[in-house]
Amino acid sequence: EEKEYDVVVVGAGGAGMIAAIEAKSQGVNVAIIEKNPFVGGNTLVSGGEFNAPNSWVQELMGVEDSVEQYIEDTLSGGDYEGNEELVRIMAENISADGEWLRDYVEVEFIEDYLMHFGGHSVPRAIYPIGGSGIELIQKLERKVHEMEIPLYTKTKANDLIVDENNRVIGVSAENPEGNMINFYGTNGVVLTTGGFGANLEMVQKYNDVIDDRYKSTNQKGATGDGVYMAQEVGADVTDMAFVQTYPTCNPLTGHLSYVADTRFDGAILVNKGGERFVEEMDRRDVISEAILAQEDTFGYLMWDETIRNNSNMDSYLTEFENLEKYGLVVKADTIEEAAAFFEIDAETLKSTIERYNGFVEKGEDEDFQRRGNLAALKEGPYYIQQVTPAIHHTMGGLRINGDAQVISTEGEWIEGLYAAGEVTGGVHGKNRLGGNAISDLIVFGRIAGRNAAQ
Ligand code: ADP
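Chains are numbered independently. Their residues run from 1 in the order of the written sequence. This being a predicted model, a pLDDT of at least 70 is required before a residue's local features are given, and a value of 80 or more before pairs of side-chain atoms are given or counted; all residues contribute to the totals for chains, interfaces and linings. Calculation of side-chain values draws on the structure's entire complement of heavy atoms; hydrogens and water are dropped beforehand.

### Remarks on the overall build of the protein
Stage number 1. Each helix and strand counted, the protein has 14 helices and 20 strands in total.
Stage number 2. In this setup the radius of gyration rests on C-alpha atoms only. A globule is expected at 2.2 Å times the number of residues raised to 0.38. The C-alpha radius of gyration of the protein comes to 22 Å, within 12% of the 22 Å expected for a compact globule of 454 residues.
Stage number 3. Overall, the protein is about 75 × 45 × 40 Å in size when its C-alpha atoms are taken along their principal axes.
Stage number 4. Within the protein, the fraction of its 454 residues that count as buried is 60%.
Stage number 5. By definition in these notes, contact holds between two residues if any of their heavy atoms fall within 4.5 Å. Pairs at least 24 residues apart make up 74% of the contacts formed inside the protein by residues separated by at least 6 positions.
Stage number 6. Charged residues are defined here as Lys and Arg on the positive side and Asp and Glu on the negative side; His and the ends of the chain fall outside this count. One atom stands in for each charge, and that atom is NZ of Lys, CZ of Arg, CG of Asp or CD of Glu. The protein carries 35 positive and 77 negative side-chain charges, and their two centres are separated by 2 Å. Numbering of helices and strands runs from the N terminus, with a helix taken as a DSSP run of H or I at least four residues long and a strand as a DSSP run of E at least two residues long. Burial classification: accessible surface area is computed with a 1.4 Å probe over protein chains only, and a residue below 20% of its type maximum counts as buried, one above 50% as exposed, and the rest as partly exposed.

This is the structure in structure tokens:
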């Protein structure tokens, strides 16, 4: 079977639906194919927050920021391995593109709240209602339907189709019935297939630190298909060894825990011995390795009622109940009771907290030099949550230029081929800062869609 469009987008996560909407608004015929029975990809299970300097929220809240500071934070967060040209494009466009998402796609954001992720000089992450990617994805999907963009789910792209000049002119795909369908995109094909964080074999091919002690926060479709397909037609890859782990995930499912974001409101991390062992604000990779180095390979995040009340936990009550049901979090009136649930050494834990509360009073963490979010743990009930690290984001992927064009190993654009989102590499360097995945996919999703429509 054959289907003909101007533009074909592969993958219906955040980047893909944004690229399709943008291409369609340029007046061309565009279709999206998605291998899962549902849309959303990793964007759906993400927090949905995105960083933007000088945004409308920062303005309302009186936060001083600049494009240059955001670029500097992003580059330095990635150990200066990121591609400065791409970072600059993201930083210069994200505020306007965020307004486009708000006004054109009608994504709703909390007007007066910004998330301050590690590595950012100021709070700059805009927060969708509900605190998850669900709001983003639901509104994008609604827009896709409204614009009558055909969306083929359960349709897996296998290979790119090229003409005799190696120009990409389509993709061949298959559906569950085993039918092969060729989708032609006369103007271009946009790869937005996401990362490879659900493909441990591929991770290990490039990275020798990560092994099966790590779970994965990724949806199952994140298997690196786009990278393989593009490599078949000569695409270059970059930064493949840079795989980010997230330290505080659900030990049973690997899902990233939003309840554990209490860490950003003051929760401390202890081990079974009742002792702190790492700075809670350290980088994701550092905390992850520190947790795995503990005897039982778990971390125990602890907070009190005051921290709970200052946190966003109300947005995540369903997750909390679920964790409770599986014995992964405990709420108890006293420190002893909470500790007993996980067989944590209560006496040591009590002295750890006493010592830590002393640091909070002095405003200085003498043991681990915690950079921020110092808060005393004084008021019951107390909470302890068991956490483990998981593979979270693959910084590496297809090499693109500022026009979201995929570059070959010869350094030339592979005509007809564009990519955006986690399938690409280069923006985040060695380490992606919180909130930057969504900024990346919004900006480069739009660029890819706009250019593919030409
Ligand atoms: P991004 O954040 O870059 O948008 P996501 O993970 O949110 O990435 O979305 C990627 C989407 O692409 C997922 O929904 C995934 O199932 C889909 N996908 C991955 N590989 C293929 C493929 N071979 N064919 C079709 N869809 C794919």
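### Notes on the layout of surface pockets
To find leftover empty space, one rolls a probe the size of a water molecule over the atoms.
Stage number 1. Here a cavity denotes a set of grid points, spaced 1 Å apart and computed over the protein atoms alone, in which a 1.4 Å probe fits but from which it cannot get out, and a pocket denotes an open set meeting protein on both sides within 12 Å along at least five of seven lines; residues with an atom within 4 Å of a point are reported as lining. Grid points are joined across faces, edges and corners, and a volume is the space filled by probe spheres set on the points. There is about 630 Å³ of room inside the second largest pocket.
Stage number 2. Considering the residues around the second largest pocket, the lining is formed by 31 residues, among which His 116, Phe 117, Gly 118, Gly 119 and Phe 264 are closest to the centre.
Stage number 3. For the lining of the second largest pocket, the secondary structure elements donating two or more residues are α4 (67–77) and β4 (109–115).
Stage number 4. Top contributing element to the lining of the second largest pocket by residue count: α4, with 3 residues.
Stage number 5. If you count residues domain by domain, the lining of the second largest pocket takes at least three from each of domain 1 (2–196 + 395–453) and domain 2 (252–390). Note that the domain bounds were set by an automatic or database domain assignment.

### With respect to the packing of helix α5 (residues 84–103) against helix α14 (residues 436–453)
Stage number 1. Two numbers describe how α5 lies on α14: the axes approach to 8 Å, and their chain directions differ by 85°. Taken together, the axes of α5 and α14 are roughly perpendicular relative to one another. Residues Leu 86, Ile 89, Met 90, Asn 93, Ile 94, Asp 97, Trp 100 and Leu 101 of α5 pack against Asn 436, Ser 439, Asp 440, Ile 442, Val 443, Phe 444, Arg 446 and Ile 447 of α14. What counts as an axis is a line fitted to C-alpha atoms, over the stretch in contact for a helix, and the angles between N-to-C directions run from 0 to 180 degrees. Note on angle classes: values under 35 degrees are labelled roughly parallel, values over 145 roughly antiparallel, values of 65 to 115 roughly perpendicular, and the remainder oblique.

### Observations concerning the domain arrangement of the protein
Stage number 1. Each assigned domain of the protein is listed here: domain 1 (2–196 + 395–453) and domain 2 (252–390).
Stage number 2. For domain 1 and domain 2, the distance between their C-alpha centroids amounts to 34 Å.
Stage number 3. For any pair of parts, buried area is found by adding up, for both, the accessible area (1.4 Å probe) each one loses once the two are put together. Here domain 1 meets domain 2 over a buried area of about 910 Å², counting both sides, of which 35% is carbon and sulfur.
Stage number 4. Among the residues of domain 1 in contact with domain 2, Met 115, Tyr 127 and Asn 431 are the three that bury the most area, contributing 33% of the side total.

### Things to note about the site of the ligand
Stage number 1. Surrounding the ligand, one finds 27 residues, the nearest of these being Glu 34, Asn 42, Thr 43, Asp 225 and Glu 422.
Stage number 2. Contact distances for the ligand include 2.9 Å between an oxygen atom and a backbone N or O atom of Ala 15.
Stage number 3. Asn 42 is positioned with one of its backbone polar atoms (N or O) 2.9 Å from an oxygen atom of the ligand.
Stage number 4. Where accessible areas are quoted, they stem from the Shrake-Rupley method and a 1.4 Å probe; at the residue level, only the protein chains shown are allowed to cover. Out of a free accessible area of 580 Å², the ligand has 99% covered by protein chains.
Stage number 5. Those elements that provide at least two residues to the shell around the ligand are α1 (14–25), α2 (41–45), β7 (156–162) and α8 (225–232).
Stage number 6. Its residues assigned to classes, the shell around the ligand shows 7 nonpolar, 15 polar and 5 charged. Neighbouring residues are identified by heavy atoms, a residue being near a molecule or strand if any of them is within 4 Å of it. Here a polar contact is recorded for every N or O atom pair within 3.5 Å, except that within protein the pair must consist of a potential hydrogen donor and a potential acceptor, and residues adjacent in sequence are included only if both atoms are side-chain atoms. In the scheme used here, Gly and all other residues not listed as nonpolar or charged are polar, with Ala, Val, Leu, Ile, Met, Phe, Trp, Tyr, Cys and Pro taken as nonpolar and Asp, Glu, Lys and Arg as charged.

### Some remarks on the sheet that holds strand β11 (residues 237–238)
Stage number 1. Here the rule is simple: two strands pair whenever DSSP picks up at least two bridges between them. Spatially, β11-β17-β20 is the arrangement adopted by the 3 strands of the open sheet, whose pairing is mixed. Strand pairing shows two members of the sheet lacking a second neighbour, β11 and β20 (424–425), which therefore form its edges.
Stage number 2. Of the pairings in the sheet, the one linking strand β17 (residues 397–399) to β20 comprises 2 bridges and is parallel in character. Its bridge partner lying in β20, Arg 399 is registered against Gly 425.
Stage number 3. Packed onto the sheet, α8 meets β11 and β17 and runs at close to 40° relative to β17.

### Some thoughts on α14
Stage number 1. Helices are assigned an expected span. That span is 1.5 Å times one less than the residue count. Under the 1.5 Å per step criterion, the end-to-end length of α14 is 26 Å for 18 residues, consistent within 8% with the ideal 26 Å.
Stage number 2. Judged by how many residues are buried, α14 sits mostly within the fold: 17 of 18 residues are covered.

### Quick look at the packing of α1 against helix α6 (residues 133–146)
Stage number 1. Closest axis-to-axis distance for the α1/α6 pair is 10 Å, and the angle between their directions is 30°. Considering how the two elements wind past one another, α1 and α6 form a crossing that is left-handed. Two secondary-structure elements touch here, α1 through Gly 14, Met 17, Ile 18 and Ile 21 and α6 through Ile 137, Leu 140, Glu 141, Lys 143 and Val 144.
Stage number 2. Of the residues in the contact of α1 with α6, the class split is 6 nonpolar, 1 polar and 2 charged. Each crossing gets its handedness from the near helix: less than a right angle anticlockwise from the far helix is left-handed, clockwise is right-handed.

### Some points on the sheet that holds strand β3 (residues 50–51)
Working definition: the strands of a sheet are paired by backbone hydrogen bonds and lie parallel or antiparallel to each other.
Stage number 1. Spatial strand order, β3-β5-β4: 3 strands in an open sheet with antiparallel pairing. The open sheet has two edge strands, β3 and β4, and neither has a second partner.
Stage number 2. Relative to strand β5 (residues 125–128), β4 is paired through 3 bridges, and the arrangement is antiparallel. Paired with Met 115 across the strands is Ala 125, a residue of β5.

### As for the packing of aromatic side chains
Stage number 1. Any pair of Phe, Tyr and Trp rings, taking the six-membered ring for Trp, is counted once the centres come within 6.5 Å. Such a pair is stacked with planes under 30 degrees apart, edge-to-face with planes over 60 apart, and tilted for the rest. As enumerated under the stated definition, the model contains 14 aromatic pairs in all.
Stage number 2. Aromatic side chains Phe 50 and Phe 109 sit 5.5 Å apart centroid to centroid with 75° between the ring planes, which places their arrangement in the edge-to-face category. One end of the pair, Phe 50, is in strand β3; the other, Phe 109, is in strand β4, with 59 residues separating them in the sequence. Here Phe 50 matches Phe 109 in class, with each residue buried.
Stage number 3. Relative to Phe 342, the ring of Phe 341 lies with its centre 4.9 Å away and its plane at 90°, an arrangement referred to as edge-to-face.
Stage number 4. Under the relative-accessibility criterion, Phe 341 is labelled partly exposed at 44%.
Stage number 5. Among the aromatic side chains, those forming a connected cluster through ring pairs are Tyr 5, Tyr 152 and Phe 183.
Stage number 6. Lysine and arginine charges are scored as sitting over a ring when NZ or CZ, respectively, is within 6 Å of the ring centre and within 35 degrees of the ring normal. In this arrangement the basic side chain of Arg 102 is found over the ring face of Trp 56, its NZ or CZ atom lying 4.5 Å from the centre.
Stage number 7. Sitting over the ring of Tyr 104, Lys 143 keeps its end group 4.1 Å from the ring centre.

### Let's talk about the pattern of salt bridges
Stage number 1. A pairing counts as a salt bridge when a side-chain nitrogen of Lys or Arg comes within 4 Å of a carboxyl oxygen of Asp or Glu. Summed over all chains, the structure comprises 31 salt bridges.
Stage number 2. Here Arg 88 makes a salt bridge to Glu 68, at a shortest N to O gap of 3.1 Å. On the criterion of sequence distance, the pair formed by Arg 88 in helix α5 and Glu 68 in helix α4 is long-range, its members being 20 residues apart.
Stage number 3. With a relative accessible area of 26%, Arg 88 lands in the partly exposed category.
Stage number 4. Here Glu 68 falls in the partly exposed class, since its relative accessible area comes to 46%.
Stage number 5. Here Lys 362 and Glu 366 are joined by a salt bridge, their closest N and O atoms 2.7 Å apart.
Stage number 6. For Lys 362, a relative accessible area of 55% corresponds to the exposed category.
Stage number 7. Accessibility expressed as a relative area gives 38% for Glu 366, which makes it partly exposed.

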